[in-house]
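A look at the structure
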Amino acid sequence: MRQIVLAGNWKMHKTQAETREFFAGFLPQLASLDPARQVILCVPFTDLAAALEATANTAAVSIGAQNVHWEEQGAFTGEISAAMLKELGIAYAIVGHSERREYFGDTDQTVNQRLRAAQSSGLTPILCVGESKATRDAGETEAWIFRQLQQDLVGVDQSNLIVAYEPIWAIGTGATCEAAEANRIIGLIRGKLNHPDVPIQYGGSVKPGNIDEIMAQPEIDGVLVGGASLTPDGFARIVNYQIPVEA
Ligand code: PGA
């Protein structure tokens with residue numbers, strides 16, 4: 001059975017005080033959350049401890065990091081290892097987000113190393129893949145994503161993995177990929193994986209106003225949410241999405 005996974009990615013937002021304030025507003029809105037839904041908040045490294053403390057008594061919410069280094073330790077100024085995250089009690093880490101690939105030099109090779117390091121310390125990585133506008137316009141979306149999967153997943157245990165399809169042109173732009181198209185691509189991604197239960201999320205301008213339509217798609221197992229995960233009310237609406245009942 002594929003797990004439903006609804007994840008927030010705060011990117012470089014929120015202090016510890018703001019983190020505590022978020023959870024004070026968010027957690028009470030989970031009172032009638034469907035227990036089949038796993039909620040994850042991927043917060044800045046400096047907020048991890050505060051987020052763990054705030055959610056210590058809430059089984060429905062897990063805390064994740066936004067990146068992880070591939071070495072266990074060493075002379076890597078500014079980096080954080082999987083073992084350091086695991087010791088804190090972190091369960092998940094985003095790997096290969098398009099912003100890391102674009103601004104911080106991540107390649108398919110380093111993404112692969114990060115995935116394997118995360119898994120070997122017992123974390124579940126959330127691998128992000130997705131095409132740019134230029135790649136889509138050139139008709140190369142499928143080939144681009146298949147190559148990313150092929151290279152990123154070498155030696156990766158797919159029984160402990162989440163994949164997020166995030167078309168770069170839809171991230172932070174308000175231009176959501178149409179739900180049916182996201183569903184189509186996610187179905188193609190599933191066809192390239194070797195484990196049937198890998199949850200595959202959609203990410204890119206997910207909002208309270210489009211979550212119900214996105215989650216109604218049969219191939220889409222969850223979402224990875226940037227901007228709309230920053231407000232307790234907005235993210236609560238997203239995790240409490242409702243599938244419209246057919247008339
Ligand atoms: P967005 O970001 O929801 O703000 O578009 C998504 C992401 O980058 O994961």
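Structure shown above.
Here goes a summary of the coordinates provided.

The rules we used
Residues numbered from 1 in each chain as written. Predicted model: local features only at pLDDT ≥ 70, side-chain atom pairs only at ≥ 80, totals over all residues. Heavy atoms only, no water. Pairing = 2+ DSSP bridges. Helix = DSSP H or I, 4+ residues; strand = E, 2+ residues; numbered from the N terminus. Axes fitted to C-alpha atoms, helices over the stretch in contact; angles between N-to-C directions. Contact = heavy atoms within 4.5 Å. Buried < 20%, exposed > 50% of the residue type's maximum accessible area, 1.4 Å probe, protein only. Salt bridge = Lys/Arg side-chain N within 4 Å of Asp/Glu carboxyl O. Near = heavy atom within 4 Å. Polar contact = N/O pair within 3.5 Å; in protein donor to acceptor, adjacent residues only side chain to side chain. Areas by Shrake-Rupley, 256 points an atom, 1.4 Å probe, with all protein chains shown as cover. Nonpolar A, V, L, I, M, F, W, Y, C, P; charged D, E, K, R; others polar. Phe/Tyr/Trp six-rings, centres within 6.5 Å; stacked < 30°, edge-to-face > 60°.

A short note on the sheet that holds strand β6 (residues 162-165)
If you walk around this closed barrel you meet the 8 strands as β1-β2-β3-β4-β5-β6-β7-β8, and the pairing is parallel. Taken pair by pair, the neighbouring strands of this sheet meet at an average axis angle of 25°, ignoring direction. By the bridge criterion, 4 bridges tie strand β5 (residues 124-129) to β6 in an arrangement that is parallel. Note that in β6 the partner of valine 129 across the bridge is tyrosine 165. Together, β5 and β6 form the strand contacts of helix α7 (residues 141-152), whose direction differs from that of β5 by roughly 150°.

As for helix α10 (residues 232-239)
Residues separated by three or four positions in an α-helix point in the same direction, a consequence of the helix having 3.6 residues per turn. Of the positions making up α10, those classed as buried are Gly234, Phe235, Ala236, Ile238 and Val239. Structurally, α10 contributes buried residues whose contacts are with β1 (4-9), α1 (16-26), β2 (37-42), α9 (211-215) and β8 (222-225).

Considering the pattern of salt bridges
In total, this model carries 16 salt bridges according to the counting rule given. Between glutamate 131 and arginine 136 there is a salt bridge whose closest N-O contact spans 2.8 Å. Taking the relative accessible area as the measure of exposure, arginine 136 reaches 24% and is therefore partly exposed. Ionic contacts of the salt-bridge type, sharing partners, join the residues Glu131, Arg136, Glu142, Glu181 and Arg184 into one network.

Brief notes about the site of the ligand
Around the ligand, 13 residues are found, and the nearest of them are Lys11, His97, Glu166, Gly172 and Ser205. The contact in question runs from an oxygen atom of the ligand to an N or O atom on the backbone of glycine 172, over 2.6 Å. Within the backbone of glycine 227, one N or O atom sits 2.9 Å away from an oxygen atom of the ligand. In the complex, the protein chains occlude 96% of the 280 Å² of accessible area that the ligand would expose alone. For the shell around the ligand, the class distribution of residues is 4 nonpolar, 7 polar and 2 charged.

Looking at the packing of aromatic side chains
Inspection of the entire model under this criterion finds 7 aromatic pairs. Between tryptophan 10 and phenylalanine 22, the ring centres sit 4.9 Å apart and the planes meet at 80°, which makes this aromatic pair edge-to-face. Residue tryptophan 10 is found in the loop between β1 and α1, and its partner phenylalanine 22 is found in helix α1; the two are separated by 12 residues along the sequence. Of the two residues examined, tryptophan 10 and phenylalanine 22, each falls in the buried class.

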